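# A look at the structure
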Number of protein chains: 2
Amino acid sequence: MATINDIANKLGVSKSTVSKGLNNATDISDEMKRKILETAVELGYTNKRLLKKEQKICILIENMDYKTPNQFGHDIILGFKQMAELEGWTVDIVPLTKEFQRSTPYGVFMIQQGYQASFILGFSLLDPWMQEFRSARIPTVLYDNYVKSNPRIASVGCDSQEGFDLAVRHLIQLGHRKIGLISGPLDSYILKARYQAYLNAMEKYGLEVNNDYIGLGYYIAESTRTYLPKLVEKGVTAILFSHDIRAISALTECEDREIKVPKDLSIIGFDDLPMTAYTIPPLTTIRQDRIALGKCGYYAMSCLLNNVPIGSILLRAPLVVRESTGPAPERA
Amino acid sequence: MATINDIANKLGVSKSTVSKGLNNATDISDEMKRKILETAVELGYTNKRLLKKEQKICILIENMDYKTPNQFGHDIILGFKQMAELEGWTVDIVPLTKEFQRSTPYGVFMIQQGYQASFILGFSLLDPWMQEFRSARIPTVLYDNYVKSNPRIASVGCDSQEGFDLAVRHLIQLGHRKIGLISGPLDSYILKARYQAYLNAMEKYGLEVNNDYIGLGYYIAESTRTYLPKLVEKGVTAILFSHDIRAISALTECEDREIKVPKDLSIIGFDDLPMTAYTIPPLTTIRQDRIALGKCGYYAMSCLLNNVPIGSILLRAPLVVRESTGPAPERA
């Protein structure tokens, strides 16, 4: 592991200058501070002084709500803290913006704050730090994202393939053949994975894959309003949604259009948010066990901190059958 | 969790009979003992009396050598025990035969021995208990095998896809285009996965997939002797092997035939067995970090024992470049 001496040698400055830079002193230039921090990251330096005081890790969060139990991130954070705090870690929750990511490199942020590892929630492929994770040296666990070949980065998530496979099989048993997909745009790792999982499941069971059965759009209500009637018009009798929140908007849309769920149309969500048990009708959905996801996030981090080069952990994605799916309607 | 009472009610016998059956008493019939044990498995009963005395888990092993450090299973078991014994578990290593599996159901074996969870090494798709794992109720972690949708079963292994992807990319950078595969037969989960990983990597990099470039055979020396000259004759300049042990037999075969490695033919193994650093030439191979695999096996088991429905853990599979790969030969 690199020392202050190594950083000083590499930059041709004194150890005391390096020490000032690492401890954010005011009597050296910002330019020198930046150089010192960047070199520290490059060499894999860990701030031991901070380590001795306190064992700190962080959850970095973007694009995800987490403050109340009904919000997606809440239980992931809870599960993670249940494991980590038991083992003596202080866990900071740090909401981030893309602007902040652009202003401060990831490695520099982690050293400055004295964090030994991080758990990354809600990042899309557009988040600036996603690039940096490819070569990051500090243990980092990504939820629903993946970085190839870097032994300091691990991924956790639910098995979209298993989930959509179970959903399509359930619909086939109910007599459905024309099964559609409504999803967000393919600008995130996980939405690409679910899109592929849908295609694979359809092919596996010998069902027609047809672009007219698929609708991708960013704004939830708008894309439901656009695609749901189009798909129904093409004869689709069941629709998988990339998230519960989209499936719930579809229930509202169906009510407005007097499409009866599940008599006219079956609907399956993804996530099993607490509210899905209380929608009208209650939603059939693929479960992401968020407490377990948080715990696995900590398991993966614990592996990386112990030099076990874990790549990914996938949780089971069971189908929770409620009342938004039923026998396929007879069509003329 | 089921009690002795539940088993007694289900079978319409007394609690003391059930207790005798569970404790292998001699004064009840074998038939009744079997019924009691099978019902105990069905209801998910755990033998608490045994639990209080001792916390026991087991590693069940078939088709895999593990007694010396050079044998594949040795370090997997070591890594597992390093984690498990630290946390107070007694770990039994139990070699198994297919005959034994046919004579005693898995669930019955686990209850009789008082094991709370197992780690399964070396099973092929032909091992009788593989069927039983689909519905097993006791926490079970499979190495290099996979069972769909059962929340009590998890899998650990190395990421074959990542490994073969890195291998093919390395060969392309050296100018190879005709890349072959020599593997065991596709009667195991992991050999199927590696076969698919080879096809995916070839397609991803736009290389021709040709059945003439692929040789699958059970007996190692024999299939090397059969396929290696055939592949070379078809113009193949580099061969991926499903295991180091096959790649090493190819080095011998090349020496007999005066095929120079890597001048005439590049060779890549899979596993990074200790001996691969000392072959002539030292073998380029895809690393399975076996200590880490063992540790992850324990991590996965620990998840299942805490009701975290983990499906799979995949470890990184880095390419270790040694001297059995080199620039593609110029061909007329």
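Keep in mind the model is a prediction, meaning the values are calculated, not measured.

Conventions adopted
- Residues numbered from 1 in each chain as written.
- Chains lettered and ligands numbered in written order.
- Predicted model: local features only at pLDDT ≥ 70, side-chain atom pairs only at ≥ 80, totals over all residues.
- Heavy atoms only, no water.
- Axes fitted to C-alpha atoms, helices over the stretch in contact; angles between N-to-C directions.
- Helix = DSSP H or I, 4+ residues; strand = E, 2+ residues; numbered from the N terminus.
- Parallel < 35°, antiparallel > 145°, perpendicular 65-115°, else oblique.
- Left-handed = near helix turned anticlockwise from the far one by under 90°.
- Contact = heavy atoms within 4.5 Å.
- Domains from an automatic or database assignment.
- Salt bridge = Lys/Arg side-chain N within 4 Å of Asp/Glu carboxyl O.
- Nonpolar A, V, L, I, M, F, W, Y, C, P; charged D, E, K, R; others polar.
- Patch = residues over 30% accessible without salt bridge, like charges linked within 9 Å, V, L, I, M, F, W, Y side chains within 5 Å.
- Areas by Shrake-Rupley, 256 points an atom, 1.4 Å probe, with all protein chains shown as cover.
- Buried < 20%, exposed > 50% of the residue type's maximum accessible area, 1.4 Å probe, protein only.
- Lys, Arg positive; Asp, Glu negative; His and termini not counted.
- Phe/Tyr/Trp six-rings, centres within 6.5 Å; stacked < 30°, edge-to-face > 60°.

Residue and element names in this part refer to chain B. Packing of helix α5 (residues 72-86) against helix α13 (residues 290-305) brings their axes to within 6 Å, and their N-to-C directions diverge by 45°. Here α13 runs oblique to α5, going by the angle between their axes. The chirality of how α5 crosses α13 is right-handed. Along its contact with α5, which presents Phe72, Asp75, Ile76, Leu78, Gly79, Phe80, Gln82, Met83 and Ala84, the element α13 presents Arg290, Ile291, Leu293, Gly294, Lys295, Gly297, Tyr298, Tyr299 and Met301.

Once that is clear, we can look at the domain arrangement of chain A. Residues and elements named next belong to chain A. Under the domain assignment used here, chain A contains domain 1 (4-158 + 292-313) and domain 2 (160-289). Centre-to-centre separation of domain 1 and domain 2, based on C-alpha positions: 35 Å. One can count 1 salt bridge joining domain 1 with domain 2. Arginine 194 is the partner of aspartate 144 in a salt bridge, and the nearest nitrogen-oxygen pair spans 3.9 Å. Considering only residue class, the side of domain 1 that touches domain 2 consists of 9 nonpolar, 3 polar and 1 charged.

One can find isoleucine 57 of chain B in strand β1 (residues 56-61). Setting aside residues up to four positions removed in sequence, isoleucine 57 of chain B forms contacts with Phe80, Ala84, Trp89, Thr90, Val91, Asp92, Tyr115, Ala117, Tyr298 and Met301 of chain B.

This brings us to a nonpolar patch on the surface. Residue and element names in this part refer to chain A. The grouping of Ile220, Ile245 and Met275 at the surface amounts to a nonpolar patch, some 210 Å² of accessible area in total. Mapped onto the fold, isoleucine 245 is located in helix α12 (residues 244-256). A relative accessible area of 41% places isoleucine 245 in the partly exposed class.

Turning to the side chain of aspartate 244 of chain A, a few remarks are in order. Residue and element names in this part refer to chain A. With respect to the secondary-structure elements, aspartate 244 resides in helix α12. Despite being buried, aspartate 244 has no salt bridge partner; arginine 290 is the closest side chain of opposite charge, sitting 6.1 Å away. Setting aside residues up to four positions removed in sequence, aspartate 244 forms contacts with Gly269, Phe270, Asp271, Asp272, Leu273, Thr276, Leu283 and Thr285.

Residue and element names in this part refer to chain A. Under the criterion given, the structure shown has 27 aromatic pairs over all chains. With a centroid separation of 5.6 Å and 85° between ring planes, the pair formed by phenylalanine 100 and phenylalanine 109 is classed as edge-to-face. Of the residues examined, phenylalanine 100 reaches a relative accessible area of 30% and is grouped as partly exposed. For phenylalanine 109, a relative accessible area of 6% corresponds to the buried category. An angle of 25° between the planes, with centres 6.3 Å apart, marks the rings of tyrosine 146 and tyrosine 189 as stacked. Of this pair, tyrosine 146 sits in the loop between β4 (140-143) and β5 (153-158) while tyrosine 189 sits in helix α10 (residues 189-204), and the two are 43 residues apart along the sequence. Note on tyrosine 189: relative accessible area 35%, which makes it partly exposed. Within the aromatic cluster, the residues linked to one another by ring pairs are Phe100, Tyr106, Phe109, Tyr115, Phe123, Trp129 and Phe133.

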